[in-house]
Structures are given as structure tokens and as C-alpha cells.
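# Structure at a glance
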Amino acid sequence: MKETVLQKLQSELAPQADAKIDYEGEHSRHQVKGNRTGRILIHNAPFIFTCDQNDKTQILTGHSLVIEGDAIKAVAPAGQIQEQNFDAIYDAGKRGGIVITPGFINTHTHPPMYLMRSAMMLDEGEGVDETIAAMPRWEQAMSETDMALGAIGDITEQQKHGITTTLSHYHAFAPLEQASRLTEQNLINAVSVMSNVSPANSPALIEKIISEHTASHSRLAIALHYLYKATPEILTAVNALVNKYDLLFTCHFAESEQVAKNCEEKFGMRETAVLKKFNLLNDRTLISHVIYVRDEEVKTLAATGVGIAHLPTSNVIHKSGVFPFWKFYDANGLPYLSLGTDSVISKSRLDLLSEAYQTRITHLYDRTVKFSSLFKMMTVNGARILHLPDRGRIAPGCKADLVFWKLRDRGFIPYDADEPMTLLGNIITHGGRMVRDLMINGRFVIKNRRHQLVDESKLLQQLQEHHLAMRQRVKK
Ligand SMILES: [Zn+2]
């Protein structure tokens, strides 16, 4: 039987046996008593950050969590959980303790482009239009294995920074599906309905993917690079697919002045009006960048619940402009604002904490974006926009996507014990950091700082080899 790309990568990147050992010594927080996938007690975390049902930021002190299967079963003060019958116990209280947050939600990425890190150094200071024009040459030089490997590199780096759910915007479905299976990441797999790099993409192809992948790990969505590139027929077909299959639709939006102008030339109207014309102005649409929008467009977008991926680093690196954060905020649009990393071409560090900090700095000249707002943008807002009501919070019934951060660490300490919100401020303003442990759907994907599903050393070696081979092909 022919080995699939996924099987090949799984065997090439398999972690060494000792990565999975649960050290019983005093330095381990993990203690396994029986079945790994059974009931897990997360014991006595000094601080848990989450949002309640009304989106108010909550700080729980000295709480424990009970995980059953892929979900959180109970959240209670540590002393109240009497039961002893657990298959595994994670001690979040000892040696300074652990701060737990929900897994972060990254609403805009292009994971296979991880293989293109260093391909465009931006040394000459190109703007976004020039950079995008140069990309197809590289992307056309990528095989399916290259794309899957790039996506694995990208997603595992996101996981090391606490991201457990990702929206991928790309022209191919299969490599992202393979990468999400291998890394166990929650992935919204938005596939381009048309693409210069992959001319076969079409509404019919989207429907074919739906019929062929009934049990996929990733969740299909529809992507479009820019609205102005589509014909009215394509946008009509997108709307039909969104309604028929209950899909999300995403596109880059008003990213540069030229893009907004191209849209007016093609359709005789602004991008917001184009969404309205094709019945896409609603909460199943997620748009990224959103820089060149007029005041009335901001009000319309906020009122209709269109999701927004704010990408402050990408916007400044490409000299695209500044997202009108406060206009959306004043139009009651905050619940629909989320954060994304974009690809490594736009933000080399695939981390949302540093993106939250960049958001704070970018918009500081007018007012201050509160830490609690930034926290929501990384968690509940992303979940709302992606229609994942059981993710982005730590509460009974929610999926167990959890990040475990070491408290006795640079950037956390010192903090005000009477005002634990200072910890949230510290973790954001200190910039990105690595997680100690990471759980997705009730499974530890990173344990004792080691990835449980890929050997990172082998992964980095493969990425380097495939990148150099791609460079040779691009040169020809
Ligand atoms: Zn993008």
C-alpha cells in the first residue's frame, strides 16, 4: 500500500520514547495512575484566568479542574474536590505553582508559508502589494509534503505559545488536514474558492472536498484572498455554499488603499457594500486587516457581527496602515474583534501575547486598550467569531483546551498578590513566552515543555532541508 503524506511525516517526526515518560521525580507535575485518556485532576492552581458567561474577566484562586474525556467536568476550590479516583493528576500548586489560561484562538494564519521564513526578508522595505506579488513564485514551488511540513512547523510553534485553535487561510485543504491531525490542533481549514497559485480552485472544488472528507479533523471553511478578485458568479456561489453547508467565509479586507480602490473599480462600491450585495454581511463572515474602511462601514460591520481578525504587527511590517480600533470599540464592536498572527512573512513570532501587546502599543495614542479587552480578543471573542461556543473559556462543559504557564518565571514576578490582574498585565507586556504544558481536547500535547506528538529536533532539520530544496527550485 502506498504510504500517505501523513503516515510518512508521522514516522519521520515521531517523538523519542522518553518524551512521553511521566517522570515520577519531584520535578514532575504529572502523575499517571491509569488510563491516560480517562479522568484527570488539575490540582490547586494558584491562578486561573477566564471569562464568565457575560464575558467578564474572572480570576479564580486556589482552584482545581476535573477533566473527563475532552471536556472540563468541574471547576471548584481545591479543597472541595474530595474524590480520589483519577487516572492522572497534575499538580498545579507545588514549586511556585502554575497559572492556567484558556487555549488562545488565532483567527488568521497561512500555516504552510512557515517554510518561507527568510524567503522574503523585507529588507528593501516593500509594501504589502509588492510582497504579495512576489509570493506565488515561492508558493508554486511547494509540494504537498512541503505544505504539510510547513503547517506542522507553524502550528507546533503556535502551540508552544499557548494557541490551541487556529484559522488557516490557504489554497489547499489536504496539507492542513494532515497537519491538524498530526498536531491535534483545532483547525478551521479555510480553502480558497479561487487562487492564482492553484487555478483548479472553484466553488465546485469546495463541494468536492465536502463530499470526500466527511470525517475530517479540521473544519472546512471558504477563503478568498480579496473580494475584488472574485466575479459576481463566484460570490453568489460562496453565499450558496455558506448557507447550504453552514460554513464560515473569510477574506482579507481593505488591507491597502489599492485594494479598496480596486474593489470600487470592479464592483462600483466599497467592500462592505459588496458583502451586503452578496448576502455575506453577517456573523458567518470573518475579515482580516480591515484598515481602509469609512466610518459608516465601521458602524455597519460592527452592527452585523462580522468577525474581525486584527493583525497589528502584519499591518505595520507591510506599511499597510492602522486598524481603526477605537471606531470599532465605540460602535460596540469589541465582542467581534479577535487577534491573528498572519504568516511568518508578516510576523515571525507566532504568538498572540506579543500581538496583544502590539495592539496595546499601536492604539495607545488615543486611549488604552485594557488588559481584560486584550484577553477577550485572544479567547472568547475568537471563539464567538469562529462559532465555537464551547471553547475560549474555562468552565464546566467547555472543551479542555488549557495552557499551563509557570508562575515563578521572568515576566510574571513580582506581581501584586492582592490584585492578581497585575499578572495578566505582566504576561501581556512582557511579550511572548513558551508554555510549560498544553492541553487540547483533554490531551496533553506539550508536557514538561516537550512536544508529545513531534520530535522538534527532527522537525527543524526537515524544515531546513525542505526550505533549501525549495530555494533551488525557485531560482530555476
Ligand atoms: Zn493574511
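Residues numbered from 1 in each chain as written. Predicted model: local features only at pLDDT ≥ 70, side-chain atom pairs only at ≥ 80, totals over all residues.

The protein chain has the name Amidohydrolase-related domain-containing protein in an unreviewed UniProt entry.

## Some points on the overall build of the protein chain
Put simply, the rule is: Here a strand is any run of E in DSSP of at least two residues, a helix any run of H or I of at least four, and the numbering for each starts at the N terminus. For a compact globule the rule gives 2.2 Å times the number of residues to the power 0.38, and the radius of gyration it is set against comes from C-alpha atoms. Exposure is read from a count of other C-beta atoms within 10 Å of each residue's own; the residue is exposed at 12 or fewer, buried at 20 or more and partly exposed in between. C-beta atoms are placed from the backbone. Residue pairs are scored as contacts if the distance between their C-beta atoms, which are placed from the backbone, is within 7 Å.
Along its length, the protein chain carries 16 helices and 18 strands. Relative to its length of 476 residues, the protein chain is compact, with a C-alpha radius of gyration of 22 Å against a globular reference of 23 Å. Each of the three principal axes of the protein chain carries a C-alpha extent, and together these read 65 × 60 × 45 Å. Expressed as a percentage of the 476 residues in the protein chain, the buried residues total 48%. Pairs at least 24 apart in sequence give 76% of the contacts found in the protein chain among residues at least 6 apart.

## Remarks on the packing of helix H13 (residues 371-378) against helix H15 (residues 421-429)
Keep this limit in mind: Interaxial angle, 0 to 180 degrees, is taken between N-to-C directions of lines fitted to C-alpha atoms, where a helix line uses only the stretch in contact. Two helices that cross are described as forming a left-handed crossing if the nearer one is turned anticlockwise from the farther one by less than a right angle, and a right-handed crossing if clockwise.
Packing of H13 against H15 leaves a shortest axis separation of 10 Å and a crossing angle of 65°. With respect to the hand of their crossing, H13 and H15 are arranged in left-handed fashion. Facing H13, whose interface residues are Phe371, Leu374 and Phe375, H15 presents Met421, Leu424, Gly425 and Ile428.

## Structural notes on the environment of serine 216
Structurally, serine 216 is set in the loop between helix H5 (203-212) and strand E10 (219-226). Note: C-alpha distance between serine 216 and alanine 174 (42 residues apart in sequence) is 9.8 Å.

## Quick look at the sheet that holds E10
Definition in use: What makes two strands pair is DSSP finding at least two bridges between them.
Across the sheet, 8 strands lie side by side as E7-E8-E9-E10-E11-E12-E13-E14; this open sheet has parallel pairing. What marks the edges here is a single partner per strand, and that holds for strand E7 (104-109) and strand E14 (337-339). Direction aside, the axes of adjacent strands within the sheet are offset by 25° on average. Note that strand E13 (residues 307-310) and E14 share 3 bridges and pair parallel. Residue histidine 310 lies in a different strand from E14, and its bridge partner there is leucine 339. Contacts from helix H12 (residues 352-362) reach E7, strand E8 (163-170), E13 and E14, with the element oriented near 130° to E14.

## Things to note about unusual backbone geometry
Of note, the bond from isoleucine 413 into proline 414 is cis; its omega dihedral lies within 30 degrees of zero at 0°. Structurally, proline 414 is set in the loop between strand E15 (402-406) and H15. For alanine 254, which is not glycine, the phi torsion reads 45° and is therefore positive. For alanine 254, the position within the fold is in the loop between strand E11 (249-253) and helix H7 (257-267). The residue asparagine 332 is not glycine, and still its phi comes out positive at about 60°.

## Comments concerning the pairing of E10
Just so we agree on the cut-off: The definition of a right-handed crossover adopted here requires that, viewed with the strands pointing away, the path from the first strand over the helix to the second runs clockwise.
Of all 8 residues making up E10, 7 are buried, and the element is well covered by its neighbours. Regarding topology, H5 serves as the crossover connection from strand E9 (residues 186-192) to the parallel E10, and that connection is right-handed. Pairing geometry for E10 and E11, over 4 bridges, is parallel. In the strand pairing of E11, leucine 224 is matched with cysteine 251. For the handedness criterion, the β-α-β arrangement of E10, helix H6 (residues 232-245) and E11 is classed as right-handed.

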